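Understanding the architecture of this molecule
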Amino acid sequence: MRTLHTLPTPVSSLTHPDSDVPQDTLNRIERSNRYTVQTYNRPAMMMVRGKGSYLYDTQDRAYLDFTAGIAVTALGHSDPQVADILATQAQRLVHISNLYHNEHAGSLAETLVTTTQQHGGAWASKVFFTNSGTEANEGALKFARKWGKTVRGPDKMEIVCFTNAFHGRSMGALSATYNPKYQTPFQPLVPGFVTVPFNDTQRAVEAITERTCAVLIEPIQGEGGVHAATEEFMTAIRSQCNKTNALLIFDEIQCGLSRTGKLWGHQHLSQFCQPDILTMAKPMANGVPVGAIMTNAAVGDEMKTGEHGTTFGGNPLACAVANHVVGRITHPKFILSVNEKGTALKQDLQALQARYPDVIRHVRGQGLLLGIEFTKDPLPLVKMARERGLLIVTAGCNTVRIVPPLTVSQEEAREAVARLAGAVEQWHQMQ
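Keep in mind that what you see is a predicted model, and the values were worked out from it rather than measured.

Some details on the pattern of salt bridges
It is possible for side chains bearing opposite charge to pair when their charged atoms get close. Across all of its chains, the model carries 19 salt bridges by this definition. R92 is the partner of E103 in a salt bridge, and the nearest nitrogen-oxygen pair spans 2.8 Å. Placement of the pair is E103 in the loop between α3 (80-90) and α4 (105-118) and R92 in the loop between α3 and α4, with a sequence separation of 11 residues. A relative accessible area of 59% places R92 in the exposed class. Two residues, R361 and E373, come together in a salt bridge whose shortest N-O distance is 3.5 Å. One end of the pair, R361, is in strand β13 (residues 360-366); the other, E373, is in strand β14 (residues 369-374), with 12 residues separating them in the sequence. Of the residues examined, R361 reaches a relative accessible area of 47% and is grouped as partly exposed. Judged by relative accessible area, which is 13%, E373 ranks as buried. Through salt bridges with shared partners, a single network forms among K146, E302 and E307.

Some thoughts on helix α11 (residues 316-329)
Each α-helix winds once per 3.6 residues, and so residues spaced three or four apart point in a common direction. With 14 residues, α11 extends 20 Å between its outermost C-alpha atoms, agreeing within 8% with the 20 Å of an ideal straight helix rising 1.5 Å per residue. Here α11 lies mainly inside the structure; 12 of its 14 residues are buried. Within the sequence span of α11, burial applies to P316, L317, A318, C319, A320, V321, A322, N323, H324, V325, V326 and I329. On its buried face, α11 sits against α3, α4 and α12 (332-355). Among the residues of α11, the N-terminal cap falls to N315, whose side-chain oxygen and the backbone nitrogen of L317 are separated by 3.1 Å.

Considering the sheet that holds strand β4 (residues 126-130)
Pairing between the strands of a sheet is mediated by backbone hydrogen bonds and can be parallel or antiparallel. A sheet is described by the order of its strands in space; here 7 strands give the open sequence β4-β12-β11-β10-β7-β5-β6, paired in mixed fashion. Here the strands that pair on one side only, and so sit at the sheet edges, are β4 and β6 (193-196). Geometrically, the sheet is characterised by an average inter-axis angle of 20° between neighbouring strands, direction not taken into account. The strands touched by α4 are β4, β11 (277-280) and β12 (291-295); relative to β4, the strand with the most contacts, the crossing angle is about 125°. The sheet strands contacting helix α5 (residues 133-151) are β4, β5 (158-162), β6, β7 (212-217), β10 (247-251), β11 and β12, and the helix crosses β7 at an angle near 155°.

Description of the environment of L26
Among the secondary structure elements, L26 is positioned in helix α1 (residues 23-35). Given the relative accessible area of 31%, L26 is considered partly exposed. In this structure the C-alpha to C-alpha distance between L26 and E302, which are 276 residues apart in sequence, comes to 53 Å. When near neighbours in sequence (up to four residues on either side) are disregarded, L26 contacts V21 and A44.

Examining the sheet that holds β13
With antiparallel pairing, the 4 strands of this open sheet are ordered in space as β13-β14-β17-β16. The two strands at the open ends of the sheet, each matched to only one other strand, are β13 and β16 (393-395). Between one strand and the next, the sheet's axes are offset by a mean angle of 30°, whatever the strand orientation. The sheet contact formed by β13 and β14 spans 6 bridges and is antiparallel. What sits directly across from Q366, in β14, is L369.

What about the pairing of β14?
Residues in a regular strand project their side chains so that they alternate between the two faces of the sheet. Burial runs high along β14: 6 of the 6 residues are buried. Of the two faces of β14, the one holding L369, G371 and E373 and the one holding L370, I372 and F374 are both buried throughout. Pairing of β14 with strand β17 (residues 399-402) involves 4 bridges; the strand directions are antiparallel. Looking at the pairing, E373 lines up with T399 of β17.

Structural notes on the environment of G300
Its place among the elements puts G300 in helix α10 (residues 297-302). Each C-alpha atom of the pair G300 and V127 lies 7.7 Å from the other, and the pair is 173 residues apart in sequence. Apart from residues lying up to four places away in sequence, G300 is in contact with K126 and T295.

Digging into the packing of α4 against α11
Contact geometry for α4 and α11: axes closest at 9 Å, N-to-C directions at 25°. In terms of orientation, α4 lies roughly parallel with respect to α11. Remark: the crossing between α4 and α11 carries left-handed chirality. Between α4 and α11, the residues in contact are A105, S107, L108, T111 and L112 and C319, A322, N323 and V326, respectively. Of the residues in the contact of α4 with α11, the class split is 6 nonpolar, 3 polar and no charged.

Describing the side chain of S53
With respect to the element layout, S53 can be found in the loop between β1 (47-51) and β2 (54-57). Assessed through its relative accessible area of 2%, S53 is described here as buried. Non-local contacts of S53, meaning those with residues more than four positions away in its chain, are made with Y63, L64, D65, P405, V408 and E412.

What counts and what doesn't
- Residues numbered from 1 in each chain as written.
- Predicted model: local features only at pLDDT ≥ 70, side-chain atom pairs only at ≥ 80, totals over all residues.
- Heavy atoms only, no water.
- Salt bridge = Lys/Arg side-chain N within 4 Å of Asp/Glu carboxyl O.
- Helix = DSSP H or I, 4+ residues; strand = E, 2+ residues; numbered from the N terminus.
- Buried < 20%, exposed > 50% of the residue type's maximum accessible area, 1.4 Å probe, protein only.
- Expected span 1.5 Å × (residues − 1).
- Contact = heavy atoms within 4.5 Å.
- Polar contact = N/O pair within 3.5 Å; in protein donor to acceptor, adjacent residues only side chain to side chain.
- Pairing = 2+ DSSP bridges.
- Axes fitted to C-alpha atoms, helices over the stretch in contact; angles between N-to-C directions.
- Parallel < 35°, antiparallel > 145°, perpendicular 65-115°, else oblique.
- Left-handed = near helix turned anticlockwise from the far one by under 90°.
- Nonpolar A, V, L, I, M, F, W, Y, C, P; charged D, E, K, R; others polar.

Shown next, in the form of structure tokens:
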């Protein structure tokens, strides 16, 4: 058990000041901004390479990367085995579209289904490949609308979703992402979405009716602030879906594939809480774009030839890499290591909370999907951490997400806590 006495010494000095950026880098950023749509708020620095848990800027300054490309690079940066597979497959076959079979897509689908079954997910049966998480969610919503029309008719078309959710930025996924910041500029949204408070069991049950074709939910919300669905809440939702013949869709794009110390995030709940559809993406190929929709047999069989498709999804390059990555990150010993490192890191963060109780309100999460909730917006803290060589990312509810590579070492995690502690101390002194 970590305590105040075992916390690493805070890093007080600014080892990576934002102001110390070469003019050549600033010129390159300015040139880039001239030709790109300005939808991102990025610091005036440029990353040029990575290795393991570290990213390096144009000055070759090393940053501990506790964003992992927003929970993507599960095996860290520049993994040599991933690089070898990329190079080999790129010289063999990159793309053919889905007009023809390729040697890796079917094998990857089998791996995803059988691995899920081996971990208690007897429901898993079929896979449809996509290029991203938002595309996986869009496909799942289409599958659900088709299901509703088949089992009842055109009026069974409502999708129940939840506050603080994040499912993507394309129009269907956006309609399920209840956040005015994301939704307001693009209204009117897709009709038929019903939003209820997350973890409000009564409101959820009332919202799931005979008009509901599906419920879309993250078992552990990431962007929303690292909030886990309760057992009572999810059990009630599963039960009501059974009563109304509605599909239960788990968005495990961020919490799935071992990130939380289980193969899937929903496996922290009881066996009863199984989905009909599960969407995944982020860590599947360690940064090579790929996503997937996994369904039970009934849903998979309902989708017929020509009813959904993709040009790039399931391409040989992405699937070759994903086959390798999924095999490594779902190995029982690997998952055990995520649990062990996540437990130690969480205890360190809880000790940090004990040192600064007037700044840190709560530490929560599972495995290496952790959230630190602060008493006010922690955006200034991101800069303070970065200037100490630690990269972190915010989430909803005044929360900082801690999502390092799943290969992060205990020593790197301790070093990250030391750098974060220095930033928190600076922020505390300013309040």
